[in-house]
Amino acid sequence: MARWFLGLDSSTQSLTAILIDPEARAIVAERSVNFDAELPEYGTRNGVLRAADPTVVHAPPLMWAAALDRMFERLRAEGRSLANVVAVAVSGQQHGSVYLTADAPAVLARLDPAHGLAEQLQPVLSRPSSPIWMDSSTTAECDEITAALGGAAAVARRTGSAAFERFTGPQIRKFWKTDPAAYARTAHIALVSSFIPSILAGRIAPIDPGDGAGMNLMDISTKQWDPAALEATAPDLARRLPPIAPSHTVVGPISSYFVRRYGFSPSAMVVVGSGDNPCSLVGLGLVRSGMVAISLGTSDTYFGAMDECRVSEHGEGHVFGSPTGGYMTLVCFKNGSLARERVRDELGLDWDGFSRAIRETPPALGGRGLVLPWYDPEITPRVLVPGVRRRGLQPGDLAMCRAVVEAQMMAMRIHTRWMGVRPASIHATGGASANVEILQVMADVHACPVHRFETTASAALGAALRAYHAAEVAAGRPADWSEIVRGFAEPVAGSRVDPRPEAVRAYDAMEPRYAAFEQEALKAIGA
Ligand code: XUL
């Protein structure tokens with residue numbers, strides 16, 4: 001009988017499932033349930049519910065549960081034998097929280113296969129909607145938590161990130177402040193990534209250190225709840241949170257609901273869930289310290305695996321637990337594709353013209369010019385007052401194409417140095433990674449080889465690989481992560497771009513000039 005592993009990614013707009021067969025190194029099936037289109041009764045747009053206040057963004061947790069029924073109905077209808085699934089692991093959009101009453105454990109333990117999940121779970125919600133990562137309505141609570149814990153740097157040292165509006169702790173505090181009666185009725189608080197496994201296993205599931213780190217509640221060095229952070233957030237919080245358990249922990253066998261309704265094997269294991277970013281780390285094959293992915297999207301994101309726990313003194317980026325055991329960082333640079341497109345459009349070029357302009361200019365522009373491409377407010381470094389700053393360059397200068405990409409790569413090099421890990425290899429993803437000239441600048445500035453990755457569902461794939469890893473561990477077999485991901489998380493063949501020694505030297509010389517220019521600009525705008 002085939003041995004399949006299932007990864008489920010409950011993300012903002014859809015639920016995605018990937019079934020893998022590790023023996024064949026093959027993806028057996030990949031399917032998505034789009035929330036707006038397939039569950040219109042929940043009234044979401046792009047998976048979310050908006051309020052009159054634009055900073056408030058929630059989603060209906062029952063929709064996430066209903067999507068599970070939809071997904072398994074579909075896989076069954078296609079003739080996939082879910083009896084082949086040995087283990088299932090979940091990836092969830094990070095930070096979102098689900099609030100359950102004291103009846104939840106009993107209801108989860110006795111789900112009736114004659115009825116749908118949403119209908120049965122509705123009575124155990126103490127809050128009908130879940131604040132998600134797009135919610136930014138908790139600035140006051142962030143300030144209160146920060147003050148109670150001794151400042152932003154202290155919060156970052158303690159929990160891996162400064163207090164952020166979307167993080168779960170500030171969201172829980174707001175709930176307690178605004179609806180104390182409903183908070184009092186709440187006996188269990190779950191993350192999206194622990195709510196889905198709780199349904200699958202029929203019992204309240206632990207939270208893993210990958211997603212636990214997105215709450216401003218976990219001690220990042222011990223990967224356990226931090227009593228002072230809990231105290232600063234809301235009363236009696238400890239008894240409302242599940243334990244934190246390593247990402248490969250088996251929560252239990254799958255609930256009989258799924259055995260009887262969809263034909264899962266009663267021995268199928270449910271693994272602790274994790275956040276979508278920690279799961280993507282695995283799905284992109286970043287299983288060793290120094291392995292980095294750079295996603296070139298609307299914003300550019302730098303993800304890296306590191307063995308030791310290090311936190312930025314300046315609160316740059318986030319540190320999460322990695323499902324492979326160590327740590328990972330996530331650093332976001334807001335002026336990504338947007339800035340590249342602005343330069344391209346200002347010069348009246350298409351992408352071929354943009355690439356040609358990069359090819360025809362020397363590394364570091366031969367020392368001639370620099371730009372700080374803060375078209376929009378920037379996250380890293382923190383720039384609240386946007387504005388493009390140029391040195392030795394004019395707006396219509398073709399050299400702006402190279403200058404903007406060099407600035408983006410140099411900012412990543414400088415603002416990820418606190419990790420103490422030099423990248424050994426970079427996996428480039430996202431739309432702009434198709435541009436080989438951009439990848440050459442990336443390789444030269446970071447002084448390491450770059451490989452292109454085509455990712456459609458890296459979080460769901462990462463979850464499926466986590467399920468496989470956890471089953472190997474549970475069976476007492478040594479599970480080397482490089483072996484787990486082999487054949488699944490592989491770069492596009494022939495996409496390797498190597499650094500050129502002369503260009504690497506040019507960027508080493510450019511770094512202090514760029515850093516000084518950036519410092520001057522930050523000082524001038526009072527950042
Ligand atoms: C990470 C974050 C987003 C969500 C998206 O901190 O807020 O990437 O995880 O699902």
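We now turn to the structure provided with this report. (Residues numbered from 1 in each chain as written. Predicted model: local features only at pLDDT ≥ 70, side-chain atom pairs only at ≥ 80, totals over all residues. Heavy atoms only, no water.)

**Some points on the overall build of the protein chain**
Right, on to step 1. Within the protein chain, the secondary structure is distributed over 20 helices and 22 strands.
Right, on to step 2. Taking 24 Å as the expected radius of gyration for a compact globule of 527 residues, we find that the protein chain reaches 23 Å, a close match to that expectation.
Right, on to step 3. Considering only C-alpha atoms, the protein chain reaches an extent of 70 × 55 × 40 Å along its principal axes.
Right, on to step 4. The buried share of the protein chain, reckoned over its 527 residues, is 61%.
Right, on to step 5. For the protein chain, restricting intrachain contacts to residue pairs at least 6 apart in sequence, the fraction spanning at least 24 positions comes to 74%.
Right, on to step 6. If you sum the accessible surface of the protein chain, you get close to 19,600 Å²; carbon and sulfur atoms cover 51% of it.
Right, on to step 7. Positive and negative side-chain charges of the protein chain, numbering 50 and 55 respectively, have mean locations separated by a distance of 1 Å. (Helix = DSSP H or I, 4+ residues; strand = E, 2+ residues; numbered from the N terminus. Rg over C-alpha atoms; globule rule 2.2 N^0.38 Å. Buried < 20%, exposed > 50% of the residue type's maximum accessible area, 1.4 Å probe, protein only. Contact = heavy atoms within 4.5 Å. Areas by Shrake-Rupley, 256 points an atom, 1.4 Å probe, with all protein chains shown as cover. Lys, Arg positive; Asp, Glu negative; His and termini not counted. Charge placed at Lys NZ, Arg CZ, Asp CG, Glu CD.)

**With respect to the environment of Ser161**
Right, on to step 1. Within the element layout of this structure, Ser161 appears in the loop between helix H6 (152-159) and helix H7 (168-178).
Right, on to step 2. Here the alpha-carbon distance between Ser161 and Gly317, two residues 156 residues apart in the chain, equals 7.1 Å.
Right, on to step 3. Engagement of the side chain of Ser161 in a polar contact is seen with the side chain of His318, the distance being 2.8 Å. (Polar contact = N/O pair within 3.5 Å; in protein donor to acceptor, adjacent residues only side chain to side chain.)

**Quick word on the pattern of salt bridges**
Right, on to step 1. For the structure on display, the rule yields 28 salt bridges.
Right, on to step 2. Across the pair Asp69 and Arg261 runs a salt bridge, and its minimum N-O distance is 3.7 Å. One end of the pair, Asp69, is in helix H2 (residues 61-77); the other, Arg261, is in helix H12 (residues 256-262), and 192 residues separate them in sequence.
Right, on to step 3. Of the charged contacts in the structure, one is a salt bridge between Glu141 and Lys177, with a shortest N-O distance of 2.9 Å. On the criterion of sequence distance, the pair formed by Glu141 in helix H5 (residues 139-149) and Lys177 in helix H7 is long-range, its members being 36 residues apart. (Salt bridge = Lys/Arg side-chain N within 4 Å of Asp/Glu carboxyl O.)

**Section: unusual backbone geometry**
Right, on to step 1. Omega for the bond connecting Thr380 with Pro381 falls within 30 degrees of zero, at -5 degrees, which places this linkage in the cis form.
Right, on to step 2. When you line up the elements, Pro381 lands in the loop between strand S19 (370-374) and strand S20 (387-391).
Right, on to step 3. Although it is not a glycine, His95 sits at a positive phi angle of roughly 80 degrees.
Right, on to step 4. Mapped onto the secondary structure, His95 falls in the loop between strand S6 (85-92) and strand S7 (97-100).
Right, on to step 5. His95 gets classed as buried once you look at its relative accessible area, which sits at 5%.

**Concerning the environment of Ser256**
Right, on to step 1. Examined against the element boundaries, Ser256 turns out to sit in helix H12.
Right, on to step 2. Taking the C-alpha atoms as reference points, Ser256 and Pro113, 143 residues apart in sequence, are found 8.1 Å from one another.

**Notes on the packing of helix H16 (residues 400-415) against helix H17 (residues 436-446)**
Right, on to step 1. It is at 9 Å that the axes of H16 and H17 come closest, and there the two elements cross at 40 degrees. Classed by the angle they form, the pair H16 and H17 counts as oblique. Crossing geometry of H16 relative to H17 is assigned as right-handed. Between H16, through Arg402, Val405, Glu406, Met409, Met410, Met412 and Arg413, and H17, the contact on the second element is made entirely by Ile438, Val441, Met442, Val445 and His446.
Right, on to step 2. A breakdown of the residues in the contact of H16 with H17 according to their chemical character gives eight nonpolar, one polar and three charged. (Axes fitted to C-alpha atoms, helices over the stretch in contact; angles between N-to-C directions. Parallel < 35°, antiparallel > 145°, perpendicular 65-115°, else oblique. Left-handed = near helix turned anticlockwise from the far one by under 90°. Nonpolar A, V, L, I, M, F, W, Y, C, P; charged D, E, K, R; others polar.)

**A word on the packing of aromatic side chains**
Right, on to step 1. For the structure shown, the criterion picks out twelve aromatic pairs.
Right, on to step 2. Between Phe164 and Phe167, the aromatic rings sit 5.6 Å apart at their centres with planes inclined by 35 degrees, giving tilted as the arrangement.
Right, on to step 3. By relative accessible area, which is 24% here, Phe164 ends up partly exposed.
Right, on to step 4. Between Phe175 and Tyr183, the ring centres sit 6.4 Å apart and the planes meet at 75 degrees, which makes this aromatic pair edge-to-face.
Right, on to step 5. Note on Phe175: relative accessible area 2%, which makes it buried.
Right, on to step 6. Following the ring pairs from residue to residue traces out a cluster consisting of Phe72, Tyr257, Phe258, Tyr262 and Phe264. (Phe/Tyr/Trp six-rings, centres within 6.5 Å; stacked < 30°, edge-to-face > 60°.)

**What to know about the site of the ligand**
Right, on to step 1. Taken together, Gln93, Gln94, His95, Trp133, Arg166, Asp276, Asn277 and Leu330 are the residues near the ligand.
Right, on to step 2. Between the ligand and the protein, one listed contact pairs an oxygen atom with a side-chain N or O atom of Asp276 at 2.4 Å.
Right, on to step 3. Looking at the shell around the ligand, its residues break down into two nonpolar, four polar and two charged. (Near = heavy atom within 4 Å.)

**With respect to the sheet that holds strand S8 (residues 130-131)**
Right, on to step 1. Strand order in the open sheet formed by three strands is S4-S5-S8, with antiparallel pairing between adjacent strands. Of all strands in the sheet, those bounded by a partner on one side alone are strand S4 (49-50) and S8.
Right, on to step 2. Pairing between strand S5 (residues 57-59) and S8: two bridges, direction antiparallel. Paired with Ala59 across the bridge in S8 is Ser130. (Pairing = 2+ DSSP bridges.)

**Observations concerning the nonpolar core**
Right, on to step 1. Counting residues in each nonpolar core, the largest one holds 112 residues, and the members touching the most others are Ile20, Trp225, Met442 and Tyr514.
Right, on to step 2. Here this core takes eleven residues from H16, the largest share from any one element.
Right, on to step 3. Apart from the residues within four sequence positions on either side, Trp225 is in contact with Ile207, Met215, Leu217, Met218, Asp219, Leu230, Leu241, Pro242, Pro243 and Ile244.
Right, on to step 4. Of all hydrophobic cores here, the second largest spans 56 residues; its members include Leu62, Ala67, Val85 and Phe195. (Core = buried A, V, L, I, M, F, W, Y, C linked by side-chain atoms within 4.5 Å.)

**Considering the sheet that holds strand S16 (residues 300-306)**
Right, on to step 1. Taken in spatial order, the six strands of this open sheet run S17-S18-S16-S15-S21-S22, and their pairing is mixed. Two strands close off the open sheet at either side, each with one partner strand: strand S17 (318-321) and strand S22 (450-452). Pairwise comparison of adjacent strand axes, ignoring direction, gives a mean angle of 25 degrees for this sheet.
Right, on to step 2. As paired elements, strand S21 (residues 425-429) and S22 share three bridges and run parallel to each other.

Remember that the coordinates give geometry; whether it matters functionally is a separate question.
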